[in-house]
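# Examination of the molecular architecture
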Amino acid sequence: MIAINLLPRHLRPVKRTPIPHILSILVLLAAIGGMAFILITVKAQVFVVRSQLDGVQQELAALQDVVDEHNQLIEDKARLASKIEAIEDIARDRIIWSRQLYNLSRLAPDNLWFREIGVATKRVQRTENVLNADGSVALDPTTNRPRTRPVTVDIPVLRVSGYVIETPDGRLDTGTFARAAEQDEEFASLFQIEQPRVVDTTYEGHKVREFTFEFVIRRGGEAQ
């Protein structure tokens, strides 16, 4: 059977080609493929970076002991520097220690004997003025008084420990030695007594009082 289209040419249906649709689909697939490729590439880069980060963290963890040791050495260095400064202060004061050992024995009552005598450093809290960048003292804007801050310093001390036995009237007395040290003109010019630490105990079956005296070494003092 033969079909004849008798419609005029301008009324006949236009036969559309599928090529534009095919091209659109191909472009869409290419775009999807490109995004998938970019996504896979980014994920691969993230994986590599994470692997590197894990490796660095493991290295840091392995080096933590070294870091801790380094920090501890810095702290020890600061403490040693402070102690060296305190020792240098003692050396500059030109204290004749043989003379001061004699003074200690001279000031000690008969019922007291020394166990240990030595020079050490003691960490104390003090306050100091806050300075401006030009070196002037900073003032508090509300009170117009110098601003202060707490600081920790090491000071040189003469540490003396030992025992006292009972006096004839049965007292365990460390006050006699303390008063003698405070009132002796020569010794007190170099050393400032601090509150002692005492504890009652026994020594070879006898009642004794164990004591530790600390004398702050005055700056600028010279042996007489």
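Right, let's walk through the structure included here. (Residues numbered from 1 in each chain as written. Predicted model: local features only at pLDDT ≥ 70, side-chain atom pairs only at ≥ 80, totals over all residues. Heavy atoms only, no water.)

## Brief notes about unusual backbone geometry
Of note, the phi angle at N144 is positive, near 60°, even though the residue is not glycine. Take N144: it is sitting in the loop between β1 (112-129) and β2 (148-165). Take N144: its relative accessible area is 56%, and that puts it in the exposed class. (Helix = DSSP H or I, 4+ residues; strand = E, 2+ residues; numbered from the N terminus. Buried < 20%, exposed > 50% of the residue type's maximum accessible area, 1.4 Å probe, protein only.)

## Notes on the side chain of N111
Tracing the sequence through the fold places N111 in the loop between α3 (97-107) and β1. A distance of 2.9 Å separates a polar atom in the side chain of N111 from the backbone oxygen of I165. Beyond its immediate chain neighbours, meaning those up to four positions away, N111 contacts Y163, V164, I165, T167 and D173. (Polar contact = N/O pair within 3.5 Å; in protein donor to acceptor, adjacent residues only side chain to side chain. Contact = heavy atoms within 4.5 Å.)

## Looking at the pairing of β2
Where β1 meets β2, 17 bridges bridge the pair, whose relative direction is antiparallel. Following the sheet pairing, Q125 is matched in β2 by T152. (Pairing = 2+ DSSP bridges.)

## A word on the packing of aromatic side chains
A complete count under the given rule lists 11 aromatic pairs for this structure. Ring centres 5.9 Å apart and planes at 70° place the aromatic pair F114 and F177 in the edge-to-face group. A residue pair is termed long-range when its members are at least 10 positions apart, and F114 in strand β1 and F177 in helix α4 (residues 175-183) qualify at 63 residues. You can call F114 partly exposed: its relative accessible area is 25%. Residue F177 is classed as buried on the basis of its relative accessible area, which comes to 0%. Ring pairing ties together the aromatic residues W97, F114, F177, F187, F191, F211, F213 and F215, which thus form one cluster. (Phe/Tyr/Trp six-rings, centres within 6.5 Å; stacked < 30°, edge-to-face > 60°.)

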